[in-house]
Structures are given as C-alpha cells and as structure tokens.
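Residue-level structural notes
Chain by chain, the residues:
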Amino acid sequence: MTEAPDRARVHPVDERLPPAQLAAFGLQHVLAMYAGAVAVPLIVGGSLGLSPADLAYLITADLLICGVATLLQCVGWWRFGVRLPIMQGCTFAAVTPMVLIGQDGGLPAIYGAVIVTGLAIILLAPLFGRLLRFFPPLVTGTVILIIGLSLLPVAGEWSAGGVGAEDFGDPDNLALAAGVLVGVLLLQRYAPPFVARIAVLAGIVLGTLVAIPLGHTDFGGVGDADWIGISTPFHFGAPEFQLGAILSLLVVGLVIMTETTGDFIAVGELTGREVTPERLADGLRADGVSTLLGGVFNTFPYTAFAQNVGLVGMTRVRSRWVVAVAGGILVVLGLLPKLGAVVAAIPAPVLGGAGVVMFGTVAASGIRTLGKVDFGNGHNLAIVAVSVGVGMLPVGVPEIYAEFPDWFQTVMNSGISAGCVTAISLNLLFHHLPSRPRTAGGAGV
C-alpha cells in the first residue's frame, strides 16, 4: 500500500518511463539535434581541407562524445552533471576561432586549446554557480526568448534545403517543410496522447518517407560508411599548446558557460525543478569535462543544445532518463557509422518543418517566463527591448561585427551570448548598482 505514495513523490524529471516510451522519446531528441551536432565538425573540417575520410572520422568522434556528454549531464556522477533533460553538442560559438587556429596550427593546436578550455570551465564552475542571483526571471525570460528567436533562422535555412544546397529555396523544399509542420500540428491536435507527445518524431519519419519518392533523400552514404568505427585519443597527433589559440578559446569558454546557464535555467523553468547555484556548478563542471574529452578524442567544445530545450517544452516530457537514452543512442551512432549515415540522410527541409515548432516553443517559453516580470516602472521593459535588439543584430546582419577584433566577434557574433551579456549587464545597471541620488527638488532622473 506504500508504493503508490512513493511513486507520487517522484519528480517528473526523475520519472522512469516504460522502455518503449524511453526509446521513442529519446530517438526524437536525437533527430532534433543531429543536424546541429554534425554541423560543427563539417564546417571546421571542411574549412581546413580535410579529406572525406577525416571528415567522417570527426563526425563519428563528435557523436560519440555528444552521447557521453549527454549521459554525464543527465545521469550525473558525484559533482558532475546538472541532472536535467539536457542534450549536449558542439558549440557554434567556437567555430570561427577554431577555423582561424586550425589554419595556422592545424588540428593539434585546436585540440590543445580545447583541453585547456575544458580544464578552465571545470575550475570556474563553482564561481559561476554563485552568480545565479543575477539571473532573475527578467534575465532568464529574455535569454530564453532570444534563444528561440535566434534559432528560427536555422529552421528557415533547413526548410529551404540547407546552407549550400544547390536547390536552396526551391518551392518543393519549402512545401516539404510546410507539410511536416502541418503534420506535426495535426498529430498534436488529433492523435492519441502518446502519439501526440512524439509528434515531432512522427512528423520527421513521415516527412522522410514522403521525401523518398520525390528524390529529396540520398542514402548513398550509408553503403560507403563502415559498420564499426572507434575514436582513439589524439588521432590527428599530439595536442599543441599555443598561447594565442588558448586565449581565443578561453573567451569561447566564458561564452559557453553563459549560454549553458541560460539553457539550464530554461529547462529548469520547463520542468519545474529549480536550478540552484550548486546544481548549476555541477552542470558547468560536466560541460568542462565534456570539452576536455573533446580535445582528447578529436572533437570540440561542448554545450547544452537549445533546440532540445524546445522539444522538452513542446512534448512536456520532463524525464531526464529520456534524454539519457538519447545519449546512449548517440554513443551507438558514434560507434556504428552506418547507422549514423542513415540518420544523416534525413532531408534538411524535413528537419526545418519540425524546427519551426521546436524553436518557436523556446521563444514562447521565454515570453511565459517574462509574464512574471513587473513592467510597471519602464526599466524592465527597456532591459528586455535592448537585450532582444542586441541579440537579434548578429542574427539579422551576420557581418555586422566583421571589422571588430576576434575576441569581440567570438562573444557578439552569437545572438544568444550577445543578448545574454546585454541582459545581465542592464539588470546589474538598473537593479544592483547604486542609483544616482535625487536632487533636493526631487527632479532627479
């Protein structure tokens, strides 16, 4: 008679769903982040002129460490892991500096800087955790809103065919994306509860099946891929520790910690589990360990993936064990390149249609959080307005900071980090720093 009350006390984040649901929801998370997960190694490796075989190696190494990092973040070990449904992937904030480092010193110089950055994040995690009081709903809601808005152009690029596609913008691509979007919405509205909760997965599968006879899929890479592939430490040579490269990626490390903090708080809001300073520090330590492993196992710095935050909000499935299963799937994909190639064959427009729903959900969650904020004094409205504006500048005008120093571009070229830094700074200005005393006549501003 005591089992039911015990189960009732289990927080939804810690709920262990039936195996079939764990697998379905976990696969849905993998499909939602796969394109973003492989994008960073593709961009960096392509910019450095790596061979197709080396590019394939980077991708499998990335998927493997994505899975390990996700498991560490969701399951946790000692003081490592936020223990929330958080997917991990390579950060886009590091792409530009890593390409510049690689063009000068090759992959060994990149990996040396990545290893030092991982160690720095681990050491700085407790300090960053104590800064949580500077992230009230005013800041977190603004950051979550910016995360969603800054991701929507990615969904648009996927819907049009994917960046660099020869048929980019073809009406057929947009029609396929629109069909997936409509399918996801119809499933959410009319399907049985379980199917409605995996509407994104079902929409992606149905969209891919429709795309096959239309010629939008290419499974040629599946036959070329190996069945088994294992990433070994320092495959591209021993790491080189160059001061300039290290300083450049240390700036990225601060950006990673800022973005990850916003994602943690967003998931905490969605799941109803408070992100305490201790929990934040544990999550940031896991980020550092994952980044350190990335430098050892031939991949790059890791952070929380914002696109999966939207999936948590949309499906209302809050169990961290679902995302842990997703991490296990990524490990398998990293060890079995042929399976990874099957997932990679999903057309970009299919992902784009699903992305519109997911990323829009993130933005809507930010608006919901901002609903707790008092906008009566005008200060808070200014903070949100300016922060969203600054965050959207690099999204709408990607070259706006092209003439600025590299360290400035590293921070400000990411709409998420630019908006987050602005929101934190303005919140400090208006709510934490001493205000100017009023004049004797009471006419102070």
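Structural notes, computed from the coordinates. (Residues numbered from 1 in each chain as written. Predicted model: local features only at pLDDT ≥ 70, side-chain atom pairs only at ≥ 80, totals over all residues. Heavy atoms only, no water.)

Of the regular secondary structure elements, the chain holds 18 helices and two strands. Compactness check: the chain gives a C-alpha radius of gyration of 22 Å against a globular reference of 22 Å for 445 residues, within 12% of the reference. Projecting the C-alpha coordinates of the chain onto the three principal axes gives extents of approximately 80 × 60 × 55 Å. With 445 residues in all, the chain has 54% of them scored as buried. Put simply, 83% of the contacts in the chain that link residues at least 6 apart link residues at least 24 apart. Within the structure as shown, the chain displays about 18900 Å² of accessible surface, and the carbon and sulfur contribution to it stands at 67%. Between the centroid of the 20 positive side chains of the chain and the centroid of its 27 negative side chains there is a distance of 19 Å. (Helix = DSSP H or I, 4+ residues; strand = E, 2+ residues; numbered from the N terminus. Rg over C-alpha atoms; globule rule 2.2 N^0.38 Å. Buried < 20%, exposed > 50% of the residue type's maximum accessible area, 1.4 Å probe, protein only. Contact = heavy atoms within 4.5 Å. Areas by Shrake-Rupley, 256 points an atom, 1.4 Å probe, with all protein chains shown as cover. Lys, Arg positive; Asp, Glu negative; His and termini not counted. Charge placed at Lys NZ, Arg CZ, Asp CG, Glu CD.)

With that settled, consider the nonpolar core. Membership of the largest hydrophobic core comes to 110 residues, with the highest contact counts inside it found for Met98, Ile110 and Phe300. For this core, the element with the most residues is helix α4 (residues 95-129), which contributes 13 residues. Those residues in contact with Ile110 that sit more than four places away from it in its chain are Val44, Leu48, Met98, Ile101, Gly102, Leu249 and Phe300. Membership of the second largest hydrophobic core comes to 10 residues, among which are Leu145, Ile146, Ala363 and Leu370. (Core = buried A, V, L, I, M, F, W, Y, C linked by side-chain atoms within 4.5 Å.)

Among the secondary structure elements, Thr260 is positioned in helix α10 (residues 243-271). One polar contact links Thr260 to Asp287, side chain to side chain, over a distance of 2.7 Å. Here Thr303 takes part through its side chain, which lies 2.7 Å from a polar atom of the side chain of Thr260. Apart from residues no more than four positions distant in its own chain, Thr260 is found in contact with Leu284, Asp287, Thr303 and Ala304. (Polar contact = N/O pair within 3.5 Å; in protein donor to acceptor, adjacent residues only side chain to side chain.)

One non-glycine residue with positive phi stands out, namely Trp78, at about 55°. Its location among the elements puts Trp78 in the loop between α3 (52-75) and β1 (88-90). Positive phi is not limited to glycine here, since Phe234 has a value of about 55°.

Below, the discussion takes up the environment of Val139. Counting through the fold element by element, Val139 comes out in helix α5 (residues 137-159). Owing to a relative accessible area of 0%, Val139 belongs among the buried residues under this scheme. The sequence separation of Val139 and Asn380 amounts to 241 residues, and the corresponding C-alpha distance is 9.5 Å.

Contact pair α5 / helix α18 (residues 415-431): the axes reach a minimum separation of 9 Å and the direction vectors enclose 160°. The pairing of α5 with α18 is recorded here as roughly antiparallel in orientation. Once α5 is placed against α18, the crossing between them reads as right-handed. Where α5 approaches α18, its residues Leu138, Val139, Thr142, Val143, Ile146, Ile147 and Ser150 are matched on the opposing element by Gly415, Ile416, Gly419, Cys420, Ala423, Ile424, Asn427 and His431. (Axes fitted to C-alpha atoms, helices over the stretch in contact; angles between N-to-C directions. Parallel < 35°, antiparallel > 145°, perpendicular 65-115°, else oblique. Left-handed = near helix turned anticlockwise from the far one by under 90°.)

Attention now moves to a nonpolar patch on the surface. A cluster of nonpolar side chains, contributed by Val205, Leu206, Leu209, Ile212 and Phe219, occupies part of the molecular surface with about 440 Å² of accessible area. Mapped onto the elements, Phe219 comes out in the loop between α8 (199-211) and α9 (220-224). (Patch = residues over 30% accessible without salt bridge, like charges linked within 9 Å, V, L, I, M, F, W, Y side chains within 5 Å. Salt bridge = Lys/Arg side-chain N within 4 Å of Asp/Glu carboxyl O.)

A few words now on α18. The end-to-end C-alpha separation of α18 is 23 Å, in line with the 24 Å expected for 17 residues at 1.5 Å each. For α18, the set of buried residues is Gly415, Ile416, Ser417, Ala418, Gly419, Cys420, Thr422, Ala423, Ile424, Leu426 and Asn427. (Expected span 1.5 Å × (residues − 1).)

In contact at an axis separation of 7 Å, helix α12 (residues 306-315) and helix α15 (residues 348-370) are set at 85° when each is read in the N-to-C sense. Classified by the angle their axes make, α12 and α15 are roughly perpendicular. Contacts between α12 and α15 involve Ala306, Gln307, Val309, Gly310, Leu311, Gly313 and Met314 from the first element and Val357, Met358, Phe359, Thr361 and Val362 from the second. When grouped by side-chain class, the residues that make up the contact of α12 with α15 number eight nonpolar, four polar and no charged. (Nonpolar A, V, L, I, M, F, W, Y, C, P; charged D, E, K, R; others polar.)

Turning our eyes to something else, we now look at the side chain of Asn427. Along the chain, Asn427 turns up in helix α18. The class of Asn427 is buried, set by a relative accessible area of 2%. With near-sequence residues (within four places) excluded, Asn427 lies in contact with Phe134, Pro136, Leu138, Val139, Ile383 and His432.

Next up on the list: helix α13 (residues 320-335). The terminal C-alpha atoms of α13 lie 23 Å apart, and with 16 residues this matches the ideal 22 Å at 1.5 Å per residue to within 8%. Burial in α13 covers these residues: Arg320, Trp321, Val322, Val323, Ala324, Ala326, Gly327, Leu330, Val331, Leu333 and Gly334. The N-capping residue of α13, defined by a side-chain oxygen 3.1 Å from the backbone nitrogen of Trp321, is Ser319.

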